[in-house]
Amino acid sequence: MHDKSLINAGRLLLKNLTQQQHSRLYLAVLLGVMASIAMIVQWYALARLTYAVLIQQQSLVEQSLIIGLMVLALILRSVLVRAQEHYAQLASLYAREALRNQILFKWRQISALQHSQRSPGSAASQLIEDVEAMDGYFARFWPQQLLAVLTPLIIVFVVFYYNWLAAIFLLLAAPLIPLFMVLVGMGAESINQRFFNQRQRLAGHFLDRVKHLTTLKLFAAESAALTEVNLRSEDYRQVVMKTLKLAFLSSAVLEFFTSVAIATIAIYIGFSLLGAISWGPSADITLFSGLFILLLAPEFFQPLRNLSQFYHDRAAALAAATQIATYLDQSDITKNLPADVISKQQSNSAISKLITTNLSIGYSANEKIQGPLNIELTTGQCLVISGPSGSGKTTLLHTLAGYLPSVSGELLLNNQPITKTAIRYLPQKPWIINGSWADNLSVLAPQATEQAMQKALIQLGLETLILNRDNGLDSQLNEHGEGLSGGQLQRMALARVILSPAPLILLDEPTASLDAESRQYVLAVLAELKSQCILVISSHDPEVLALADQQLHFKFKGDD
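Residues numbered from 1 in each chain as written. Predicted model: local features only at pLDDT ≥ 70, side-chain atom pairs only at ≥ 80, totals over all residues. Heavy atoms only, no water.

**A look at helix H6 (residues 135-162)**
Line of reasoning, step 1. With 28 residues, H6 extends 40 Å from end C-alpha to end C-alpha; this agrees with the ideal 40 Å at 1.5 Å per step.
Line of reasoning, step 2. Of all the bends in H6, the greatest measures close to 35° and is centred on glutamine 144. (Helix = DSSP H or I, 4+ residues; strand = E, 2+ residues; numbered from the N terminus. Expected span 1.5 Å × (residues − 1). Bend = angle between axes of the 7 residues up to and from the residue.)

Next up, the structure:
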């Protein structure tokens, strides 16, 4: 039952993404139908031309109109097919972009503790590979499932006009392909589900080993780790080969059924032309009608064959959607979150309230560092925490940030657990990504404009660092921030907070490593931020203490 509910959640996610792109998808289907009509006209012209030249002994010059029609239909069909693929790819592109926005929004909403409990490799695999697995579903399978019904129906009507018995042969053979496709697809879904699970585990496992490669070398465990990676890779290879085996087997069987059906029609038309079959409409078959029907017979089955091939795209997309749906909440699945909406939700200026009730902090129930703490703060207020090193200031910030669970008590932001609300936390040692200044500034605010970034840098006295570089905001930084002092790195991290405000902002010693001039820039920004959010700061700086509406001084256990 649990697996079934997860699959249903995956289907709901696919349905929601499809509804967002329905206009492009239906346009792709319409273009596909028009391409099918052009194809019918093309084969009609070819059959008519062949009949006129071989049977009626007419010259090609006399058939210039038919030749022109055939060439025009051929060109038009190619253009329409290309346009169909274009709009289907656009729908796929925007659907995947919307899904990535949902995942990124979810990442920004959950706590750092929840992030730390998940493998970075698994998260990266979900954001990149699982989302990319949706491409085939939107670009190929979804339009094809409608074309697999509409195109054969149009062809059947045309064939019925010339020979109703041949149309019945087509209708009798057609259900065999979808029936077998469904039977194969049931097995493909379970294999693809396992395929995605294995891939995410392997990605997380491999990244963890690379991340801790130094530790493995120190303990001389390289061989054991290599053997373990090889075993995991072999398991993954076997799952992939099972998927491919099923795909090749299903394709072979479907080709067999299609070939038998086309051969049956060919035999019927051949014997009818020879006069061996004379009952029903057989006596009326001519070279033109017989050739036209034979040319349309493969085209009748082609959409069904394409659908059977693309059915594996559906199985892969459903497996990926199920994995993603287990991570997203129900409310996340049923809403569309473009970047501008995300920014508006994150920068909501409504009054927020932080309440702790009998909160005790520490690393375990036996290692309580401070507590019970009863705090109540609203937007526009600032709490400054002071005390000797090791007394629990950073531990409290980590608890408020969601890095650590509380030992006991209750912690609510806007009447919700702290893990359900977006916050910003600026530690003493800020993190930098390997990219440009713009990349580092927009990592939490993808909607930030270049003007907004420059304004934030000016507020923190960092504009000269950009003006002195040839590439400006496109200048590169490595993950160690080489070329920048600790104070400059801390101010750049604070610029991120300016660009992506949140109801609660936590800062750990924001002025500790700054010179007098830099401190004034930071203090001015803190004073401005205070009116927009709740500030919780760990600091001994008297000028920071002057911002405080409430103060909390920690002592070691046993101190008076």
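Next comes the rest of the write-up.
**Description of a nonpolar patch on the surface**
Line of reasoning, step 1. A cluster of nonpolar side chains, contributed by Leu27, Leu30, Met34 and Tyr87, occupies part of the molecular surface with about 320 Å² of accessible area.
Line of reasoning, step 2. Considering each element in turn, the nonpolar patch owes the most residues, 3 residues, to helix H2 (residues 22-54).
Line of reasoning, step 3. When you line up the elements, leucine 27 lands in helix H2. (Patch = residues over 30% accessible without salt bridge, like charges linked within 9 Å, V, L, I, M, F, W, Y side chains within 5 Å. Areas by Shrake-Rupley, 256 points an atom, 1.4 Å probe, with all protein chains shown as cover. Salt bridge = Lys/Arg side-chain N within 4 Å of Asp/Glu carboxyl O.)

**Here we look at the pattern of salt bridges**
Line of reasoning, step 1. This structure, assessed with the given rule, holds 10 salt bridges.
Line of reasoning, step 2. In this structure, the salt-bridge partner of arginine 77 is glutamate 299, at a minimum N-O distance of 3.6 Å. You can see arginine 77 sitting in helix H3 (residues 64-109) and its partner glutamate 299 sitting in helix H11 (residues 287-327), a full 222 residues away along the chain.
Line of reasoning, step 3. Relative accessible area serves as the criterion here: at 14%, glutamate 299 is assigned to the buried category.
Line of reasoning, step 4. For arginine 96, the salt bridge is made with aspartate 135, and the minimal N-O distance between the two is 3.4 Å. Pair noted here: arginine 96 is in helix H3 and aspartate 135 is in helix H6, with a separation of 39 residues, a long-range link. Note on accessibility: arginine 96 and aspartate 135 belong to one class, buried.
Line of reasoning, step 5. One salt-bridge network, in which partners are shared between bridges, spans Arg96, Arg100, Glu132 and Asp135. (Buried < 20%, exposed > 50% of the residue type's maximum accessible area, 1.4 Å probe, protein only.)

**Quick look at the sheet that holds strand E10 (residues 534-538)**
Line of reasoning, step 1. Taken together, the 5 strands give an open sheet; going across it, the order is E6-E9-E10-E3-E11, and neighbouring strands pair in parallel fashion. Bordering the open sheet on either side are strand E6 (423-426) and strand E11 (550-553), each of which pairs with just one other strand. Going from strand to strand, the sheet's axes swing by 15° on average, the running direction of each strand aside.
Line of reasoning, step 2. Of the strand pairs in this sheet, E6 and strand E9 (residues 504-508) are connected by 4 bridges, and their pairing is parallel. In the strand pairing of E9, isoleucine 423 is matched with leucine 504.
Line of reasoning, step 3. Relative to E6, helix H18 (residues 486-499) is tilted by about 175°, and along the sheet it contacts E6 and E9. (Pairing = 2+ DSSP bridges. Axes fitted to C-alpha atoms, helices over the stretch in contact; angles between N-to-C directions. Contact = heavy atoms within 4.5 Å.)

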